[in-house]
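So you can see what is in the structure, the chains are spelled out below.
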Amino acid sequence: MARKKVSVIGAGNVGATCAHWIATRELADVVLVDIVEGLPQGKALDLMESAPVMKFDLSITGSNTYEATAGSDVVVITAGVPRRKDPVTGKYPSRDELVKTNQKIVGEVARNVAQHSPNAILIIVSNPLDAMCHVALQESGFPSARVIGQAGALDTARYKAFIAMELGISVRDVHGIVLGGHGDQMVPLPRHTSIAGIPVRELMAEDTLQAIIQRTRKGGGEIVGLIGVSAWYAPAAGTVEMVEAIIRDQKRIIPSAVLLNGEYGYNDLYIGVPAVLGENGVEKVIEMELNEEEKGMLQISAEAVKSVVDILGY
Ligand code: APR
């Protein structure tokens, strides 16, 4: 069987780490693309030079154009600019300015990707995540089953890591899920969280659990506060979990940003929900039964997403 091909657009911190983990798991050949000359080529070469030691047997190449991405099975989009101070004016861009800037970048990337890989499945990582999914959907012209956002995989990983650290038990035994948009209004679901099947509330005091929920919601900001830029290991890990589910047709249930068409009562809005991921992209959206409080939290999160999507002007 021919080897699979994954292109990663944006060879920055998240993109390069995705390439690294795709390689060490031997999921597919990787093409890294970036606008900065030399950057994707250099990182690809560095990774290839690690192959004899790490023992992966595939090709990783870098490019500043899209020809090399042709015929990709999966394309991960991490291109964008982070929220950083303007070196000249010393001011931060407003949220709207940042959304517009990344809309332009992700739009251009999606058009190029669609032209060269018309059958690819897109995984969007660029922020603001849920809005950038709308941009990729619009500009690629792909069906929504093939345009998926990475958010819940990361948010759920953070939530599980904090629970495992608090209880001093293996992360392997923590099960849980985080729904909603990829922002401070995300919706961790303690009622659906268990430790090897034991409801988390039997093992953890409510105030500790609530503190973990708040820490999860602000997980991105915690890392920015520590290192000054946004995280890359956990975001890349969440992304590669999705890449693997698709490339290996695993039918995994991974919380993902998916275009809802009536599910959970929302229409035409990308929101994080449990989705079955396989070779066709989103193969099914799982509709969980939520209580009134959970529905209310999802509503607040959806409104926050909608307010950013409105800036796009589609
Ligand atoms: N085409 C290709 N690459 C681009 C483009 C473009 N039009 N515009 C910017 N890039 C590249 C940059 O040159 C940079 O190398 O995207 C890369 C982004 O990398 P980083 O700045 O290191 O950002 P990173 O931490 O990887 O985050 C990428 O993922 O988690 C999100 O919020 C994060 O939106 C951000 C994205």
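In this text the structure is predicted, and so the values were computed from the model without any measurement. (Residues numbered from 1 in each chain as written. Predicted model: local features only at pLDDT ≥ 70, side-chain atom pairs only at ≥ 80, totals over all residues. Heavy atoms only, no water.)

A. Examining the overall build of the chain more closely. The secondary structure content of the chain amounts to 9 helices and 14 strands. Computed over the C-alpha atoms, the radius of gyration of the chain is 19 Å, within 12% of the 20 Å expected from 2.2 N^0.38 for a compact globule of 314 residues. Principal-axis analysis of the C-alpha atoms places the extent of the chain at approximately 50 × 45 × 40 Å. Looking at the chain as a whole, 49% of its 314 residues are labelled buried. Within the chain, contacts between residues separated by at least 24 positions form 68% of all contacts whose residues are at least 6 apart in sequence. Working note: accessible area of the chain is about 14,600 Å², and carbon and sulfur atoms make up 53% of it. Between the mean site of the 29 positive side-chain charges and the mean site of the 37 negative ones, the chain shows a separation of 2 Å. (Helix = DSSP H or I, 4+ residues; strand = E, 2+ residues; numbered from the N terminus. Rg over C-alpha atoms; globule rule 2.2 N^0.38 Å. Buried < 20%, exposed > 50% of the residue type's maximum accessible area, 1.4 Å probe, protein only. Contact = heavy atoms within 4.5 Å. Areas by Shrake-Rupley, 256 points an atom, 1.4 Å probe, with all protein chains shown as cover. Lys, Arg positive; Asp, Glu negative; His and termini not counted. Charge placed at Lys NZ, Arg CZ, Asp CG, Glu CD.)

B. Representation of the site of the ligand. Of all residues adjacent to the ligand, which total 18 residues, the nearest are N13, V14, D34, T78 and N127. The backbone of N13 places a nitrogen or oxygen atom 2.9 Å from an oxygen atom of the ligand. Take V14: an N or O atom from its main chain is 2.8 Å from an oxygen atom of the ligand. Coverage of the ligand by the protein amounts to 85% of the 730 Å² it exposes when considered alone. (Near = heavy atom within 4 Å. Polar contact = N/O pair within 3.5 Å; in protein donor to acceptor, adjacent residues only side chain to side chain.)

C. Layout of the side chain of D130. By the secondary structure assignment, D130 is in helix 4 (residues 129-140). Judged by relative accessible area, which is 6%, D130 ranks as buried. Here D130 is in contact with G181, H182, A257, Y270, I271 and V305, once residues within four sequence places are set aside.

D. Layout of the state of the cysteines. For the structure on display, the rule yields 0 disulfides. Cysteine C18 remains unbridged, with the sulfur of C133 as its closest cysteine sulfur at 14 Å. For C18, a relative accessible area of 1% translates into the label buried. What makes C133 buried here is its relative accessible area of 0%. (Disulfide = S-S within 2.5 Å.)

E. Structural view of the side chain of T17. Secondary-structure assignment places T17 in helix 1 (residues 13-24). Once residues lying within four places of it in the same chain are set aside, the contact partners of T17 are W232, Y233 and A236.

F. Spatial organisation of the pairing of strand 14 (residues 281-285). Alignment of strand 13 (residues 267-278) against strand 14, held across 4 bridges, turns out to be antiparallel. Pairing of L277 across the sheet is with V282, part of strand 14. Adjacent in sequence and paired antiparallel, strand 13 and strand 14 are bridged by 2 residues. (Pairing = 2+ DSSP bridges.)

G. Structural context of the sheet that holds strand 7 (residues 174-175). If you walk across this open sheet you meet the 3 strands as 7-10-11, and the pairing is antiparallel. Two strands in the sheet have a free side with no partner beyond their single neighbour: strand 7 and strand 11 (198-199). Inspection of the sheet shows strand 10 (residues 194-195) paired to strand 11 by 2 bridges, in the antiparallel sense. What sits directly across from S194, in strand 11, is P199.

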